[in-house]
Each structure stands twice: as structure tokens, then as C-alpha cells.
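# Close look at the chain arrangement
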Number of protein chains: 2
Amino acid sequence: MATGRPLIQRLCIIGVGLIGGSLARALRDAGQVGEVIGCGRGEDNLQAAVRLGVIDRYLTDPAQAVAGADVVVIAVPLGAIEPVLRAIVPSLSTDAVVTDVGSAKGSVVADVQRIYGAIPPYFVPGHPIAGTEQSGVEASFATLFQGRRVILTPLAETSAAAHRLIQRMWQLTGAEVIDMGVRHHDAVLAATSHLPHILAYTLVDTLARLDDRAEIFRYAAGGFRDFSRIASSDPKMWHDICVANREQLLEMIALFSVDLERLAAAIRNDDRAAVLATFQRAKRARDNLYLD
Amino acid sequence: MATGRPLIQRLCIIGVGLIGGSLARALRDAGQVGEVIGCGRGEDNLQAAVRLGVIDRYLTDPAQAVAGADVVVIAVPLGAIEPVLRAIVPSLSTDAVVTDVGSAKGSVVADVQRIYGAIPPYFVPGHPIAGTEQSGVEASFATLFQGRRVILTPLAETSAAAHRLIQRMWQLTGAEVIDMGVRHHDAVLAATSHLPHILAYTLVDTLARLDDRAEIFRYAAGGFRDFSRIASSDPKMWHDICVANREQLLEMIALFSVDLERLAAAIRNDDRAAVLATFQRAKRARDNLYLD
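The shown structure was predicted, so the numbers you read here are calculated from the model rather than taken from an experiment.

### Topic: the overall build of chain A
Helix and strand counts for chain A come out as 12 helices and 9 strands. A globule of 292 residues ought to have a C-alpha radius of gyration of about 19 Å, and chain A, at 21 Å, matches this closely. Overall, the C-alpha framework of chain A stretches about 70 × 40 × 35 Å when taken along its three principal axes. When the 292 residues of chain A are sorted by exposure, 53% land in the buried category. Pairs at least 24 residues apart make up 76% of the contacts formed inside chain A by residues separated by at least 6 positions.

As C-alpha cells, this is what we get:
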């Protein structure tokens, strides 16, 4: 436990799920948060969060929940960020810093711009690259962000002090904090996260709609289990991500589709060298990335 | 250890890799094999197999290796099965039973037909649905097949005794043994195994060829690691599978591509209900399949 004054006196987490809950746990473990106020729509989940010691108390009205908080973390699905932002504006403390954890940043910045007419200096867009296919506060744990990366996409209007505070907050969870431009963030995430989810969802759905699907799935091997794991992710959350990052995601799907058709053509035309070269390049890239 | 006469007196494994090595280990652990002869092209791997106690001795010439064996297991990549079959024909014992472990069965049966002019009664096509992205005898382990399924695709010409012997052999490894038609096997595997490998290889290759690939991969999250694991599989082995199961694989790629384009169109046209419904169907199917 740190001694003296914690970094955050009163933290308000709106959306106490896997990400919001894990952040609260990590900051508590670091002894760097005074009081944690939870807010959300599901009272069962909020009661569980209190019971688990993740938050001290909760309010279901965002406007009331943010009153007196020095840091507000919006950890709701992307599609719910705009109404939350609207609701909290009137009751934010004058010195409050607000951040979010949305998996796409362009849409969040557009939401903020629409609501405020300009980017307020106290808003720091953020995105922790962490998570599992689980959701809800029961799935949260204090070490979720350890060794992971958190991307912040501060804007020209963002205050340096607000930026530093959110940087420090995420560093306390054991994460590496990196700054990136909004568009670049969305392109990188479309490639490494949004496209893979689309492929996994589509594959499982394709197979589930085959006539002999019961039998098909019975013969799925170990590789399929790992490959399809992300298709167990929260559909509403991923729906929101597709809507929010539409443009860049569609670009990546198009790139992928061209490559898939090129590989299919190589298989069709018995161009064995091309097939082998593709697999070799991919294996080399994957092996360079991970040791497992 | 079983007492009395083991099921197999002399087992010849051609291709002592992950599958061949694990089979030998499992049968040894069950005490159901007398002598195990290894055969392959890589002497380093064969020496390692002797050192690890997976095989008793080895020969690099398949014709010599099968002499006196009552069971011959061909566990080489699909593209190497035909030359092995040709090489061993003259020196097989009159009572030898031959099986293979190829991931596609239509091409193996065609190989056999081409070489023998007809399907010999002692040949039992087989396919254990097990494996990891690792290869080589060092990756082999005795419990690889426990709780897994092994598909046999016996033909009208296959002798009942040969079929029973191979069934019994795989049951001894802890596997569930199932019979299936050749074409049906290849369709099921195209869907659950071959297509996912194609998607994983293509995705990793697509990302690896982006301009900012070094940075792209740096932000890959946990989900990407699992999703892309199968892209670390042996390129030559998967090249062979694509060649061997071309027709059914291309059919599955086409099905998948239509579904991917349909989803992309829903995202493009802001048809949110269709996007959500796809993800929900997929999650339901995946969750029904696995508990993780």
C-alpha cells in the first residue's frame, strides 16, 4: 500500500464490468484510490461489485454518480458512451478528469465534439488493450492490465495535467501507457482486434448454419477451440465496435478478402509454391510474435 | 501394463513426428506393443525418437522398415503418402495391416487405388482428430489422443479383421473411434479444421504485409494470440492438406466468403440488427460447444 494521499480521491466508474471492475481492483490494490463509486444500469451487477469489494457504493444515475469525483472512467459499450457523456456534463466537478476505455476512438471523439461543440481539456480518450471473452464484474481481476498496453489518444485540446493523471492511473495497474493518434489507433485495432473478431464470428456462424452442424462441431479439434474463442465475446459490445469503427474495419475486411481470394485461386490453380509461400510467411510472422 | 501377448507384435511407424510418436508412446504405455520400428527421412529426429524411448530402432528405408511388421502406420504429410505406399508394397508381411493418419482421406484412397489398381483389404484409412501446432517427435506425448476422436473411413474392400485391429489400436490410446464415409470426412474436416487454418494463415499474412506491420503486431491483444495460434502450424503439412482436399476446401472458403461479404454489407449499410444477430448466433453456437 502506498502511504499518504492517493492519486485519486474519488473515482467514479461508469460501467463496472470486466474492464471497469479490473481497473478499480488494481487501483485499490495499489492503494491509490480513496473512494470508488460505481454506476451502471444493472443493479445486480452493481450489488455484486459492492459485495466483491470492487466499489464502495453505487448510484444508478450517472449525473449523481460523478458528483465530487476527481476521475471519471466511462467503461460502458461504445454505443452507450454518448448518452453517458450527455448525462454527466452538468454535474462534473470543475477539476474532474474524464476518460473512457472504448475500443475505437474516432467515434468517441466525434461524440464528445457533438456534445460539447469542442473537445474539453479534461477529456482523455483511452483504450486498454486487455480483456477476455468474459464480461461482467465477476470476471474482473486486479492484474488484468499487468504487462498489457494502454493506448491514450490525447487531442490538441487535451490538458497536459489531465493527460498525465490518466497516464499515471494506468501505469499503477502495471500497464505500459502509449500515446497514439486517433485514426492510427483505429487502423491498428481494426487490423489486430476488430477483423479477427469478425472472422471468428463469421466462421462459427457459417458452420452453425450448415445442415449437419451438430456433427460438424462434434469433430472440431483443439485448434478450433482456440481459434473460435473470441466468438464467445459479448455480441452487443462487438456490434458497437463495428458501428463505431465501420470505415477502417471495412477497409481491413476488404484487404483480407482479396488475400483470401488470392489464396483460394492458388489452391484452385494448383499453384503449390504460392500456397506454401503464404503459409511460410504467416508462420514466420506468428512465430516471431509469440513463443507458444 | 497388460499381461500376455500384446495387440501388436511389431509396429512400424513411418514418420515419427507428433502423431506417430504419440501413438507409439500411448501403445507402449498400454503395454500393447512388442517392438516399435521407426522410419523417416530425418535421422536426427529418428535418433531423438530412440533416445526418448519412443521407438526401439529405426531404418531410413521404408521397404526394409516394414519387413515383419504386423501393423504399419503411415504418419507422414499427405503429399508423402504415395511414395511411401509404393515403396512398402513389395516387402509387407502377408498378414500386415496398414493404416495412415492423413487429415484428408479422399486423396489417400485415390493414391492407394492408383498404386494397387484396387483397394487392398488390409488398408484402413484413418485420421486422429488431435494435434497441436507443434511438430516433431520431441512434441509427442502419450496422452495426446485421450478423449479425442479418431475417424476411420473403411471401404467396401476393407477386411473386417483389419478394421477391428486398427479400431482396437486407437481405443488403446484413449480415443473414441468413429467410422465415417470418405467424402463426408473430408467435408467435415474442411469445415472445422482446414478452413480455420486457411483463415488464420491468411489473416497473419495480411497483417504481416501491411506497411506498419511491426507496430500492428505490437498492439495485438490476448484474443489475437489464441486466434492466430494455428498459423504457427507446419506450412508443408498444411500445403499438402490444401492440395489433397482442394475441392471441399474451396467449397467451404466460398461459403465463408459469401457470409463475410454479407456481414460486411450489413456493417456498410448500418444494418445493426443483422450485425447483432450474426454475433449472437455465433456466440450461442460457440458457447454451446465449449465451456471456456
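### With respect to the interface of chain B and chain A
Facing the 74 residues of chain B at the interface are 74 residues of chain A. For the side of chain B that touches chain A, the secondary structure elements donating two or more residues are α7 (182-208), α8 (213-218), α9 (222-228), α10 (235-244), α11 (246-268) and α12 (272-289) of chain B. Ranked by residues supplied to the side of chain B that touches chain A, first place goes to α7 of chain B with 17 residues.

### Quick look at the sheet that holds strand β7 (residues 126-129) of chain B
Residue and element names in this part refer to chain B. With mixed pairing, the 3 strands of this open sheet are ordered in space as β7-β8-β9. Each edge of the sheet is formed by a strand with only one pairing partner; in this case those strands are β7 and β9 (176-179). In this sheet, adjacent strand axes meet at a mean angle of 20° when their direction is disregarded. Two strands pair when backbone bridges link them, and strand β8 (residues 149-152) and β9 are joined in this way by 4 bridges, in the parallel orientation. By the bridge assignment for β9, I151 is matched with I178.

### Focus on the domain arrangement of chain A
By domain assignment, chain A separates into domain 1 (8-180) and domain 2 (185-289). Counting residues at the interface gives 14 residues for domain 1 of chain A and 16 residues for domain 2 of chain A.

### Quick notes on the packing of helix α7 (residues 182-208) of chain A against α7 of chain B
Any two packed helices are characterised by how steeply their axes cross, that is the angle between the axes, and by the distance between the axes. One way to put it is that α7 of chain A packs onto α7 of chain B with a least axis distance of 11 Å and a crossing angle of 165°. As summarised for this structure, α7 of chain A and α7 of chain B are arranged roughly antiparallel, according to the angle between their axes. Judged by the twist between their axes, the crossing of α7 of chain A over α7 of chain B is right-handed. Residues A191, T192, L195, P196, L199, L203 and L207 of chain A of α7 of chain A form the contact with α7 of chain B, whose own contacting residues are A191, T192, L195, P196, L199, L203 and L207 of chain B. Residues of the contact of α7 of chain A with α7 of chain B, tallied by class, amount to 12 nonpolar, 2 polar and no charged.

### Points about the nonpolar core
Ranked by size, the top nonpolar core spans 196 residues in total, and within it I13 of chain A together with I13 of chain B carry the most contacts. In contact with I13 of chain A, not counting residues within four places along its chain, are G20, L23, A24, V36, G38, C39, I55, V73 and A75 of chain A.

### Structural notes on the sheet that holds strand β3 (residues 57-59) of chain B
Residue and element names in this part refer to chain B. If you walk across this open sheet you meet the 6 strands as β3-β2-β1-β4-β5-β6, and the pairing is parallel. The open sheet terminates on both sides in strands that have one partner only, identified here as β3 and β6 (123-124). The pairing of strand β2 (residues 33-39) with β3 spans 3 bridges and is classified as parallel. Along β3, the bridge assignment pairs G38 with Y58.

### Describing the relation of the copies chain B and chain A
In this arrangement, two copies of a chain are superimposed by a rotation about an axis accompanied by a shift along the axis. Mapping chain B onto chain A is achieved by rotating through 180° and translating by 0.0 Å along the same axis, at an RMSD of 0.0 Å. The transformation just described matches what one would write down for a two-fold rotation axis. Identified as the residue of chain B closest to the rotation axis by C-alpha distance is F227 of chain B, at 2.0 Å. The fraction of interface residues of chain B whose copies in chain A are also interface residues reaches 100%, indicating that both copies meet through the same surface.

### Let's talk about the confidence of the model for chain A
Looking at chain A as a whole, its pLDDT mean stands at 94, while 98% of the residues score no less than 70. Among the scores for the predicted complex, ipTM is 0.89 and pTM is 0.89.

### Points about the environment of S107 of chain B
All names here are of chain B. Along the polypeptide, S107 turns up in helix α5 (residues 106-116). Residue classification places S107 among the buried residues on the basis of 22 C-beta atoms within 10 Å. Along the chain, S107 and D287 lie 180 residues apart, while their C-alpha atoms are 34 Å from each other. Residue contacts for S107: discarding those within four places in its chain leaves L78, A244 and N245.

### Concerning α5 of chain B
Residue and element names in this part refer to chain B. For α5, every residue scored as buried is listed here: G106, S107, V108, V109, D111 and V112. Where the residues of α5 are buried, they touch α4 (81-88), β5 (97-100), β6, α7 and α10. Backbone geometry just downstream of α5 places G117 in the positive-phi region, at approximately 80°.

### Examining unusual backbone geometry
All names here are of chain A. Phi at D270 takes a positive value of approximately 55°, unusual for a residue other than glycine. For D270, the location among the structural elements is in the loop between α11 (246-268) and α12 (272-289). The exposure class of D270 is exposed, given the 11 C-beta atoms found within 10 Å.

### Some points on the packing of α7 of chain B against α11 of chain B
Residues and elements named next belong to chain B. Where α7 meets α11, the axes come as close as 9 Å, and the angle between the chain directions of the two elements is 65°. The two elements α7 and α11 meet at a crossing, and its hand is right-handed. Within the contact between the two elements, α7 uses D186, A187, A190, A191, H194, L195 and I198 and α11 uses Q248, L249, M252, I253 and F256. Taken together, the residues that form the contact of α7 with α11 break down as 9 nonpolar, 2 polar and 1 charged.

About the criteria used
Residues numbered from 1 in each chain as written. Chains lettered and ligands numbered in written order. Predicted model: local features only at pLDDT ≥ 70, side-chain atom pairs only at ≥ 80, totals over all residues. Helix = DSSP H or I, 4+ residues; strand = E, 2+ residues; numbered from the N terminus. Rg over C-alpha atoms; globule rule 2.2 N^0.38 Å. Buried ≥ 20, exposed ≤ 12 C-beta atoms within 10 Å, placed from the backbone. Contact = placed C-beta atoms within 7 Å. Pairing = 2+ DSSP bridges. Axes fitted to C-alpha atoms, helices over the stretch in contact; angles between N-to-C directions. Domains from an automatic or database assignment. Parallel < 35°, antiparallel > 145°, perpendicular 65-115°, else oblique. Left-handed = near helix turned anticlockwise from the far one by under 90°. Nonpolar A, V, L, I, M, F, W, Y, C, P; charged D, E, K, R; others polar. Core = buried A, V, L, I, M, F, W, Y, C linked by C-beta atoms within 7 Å. Least-squares fit on C-alpha atoms with pLDDT ≥ 70 in both. pLDDT = per-residue confidence, 0-100.

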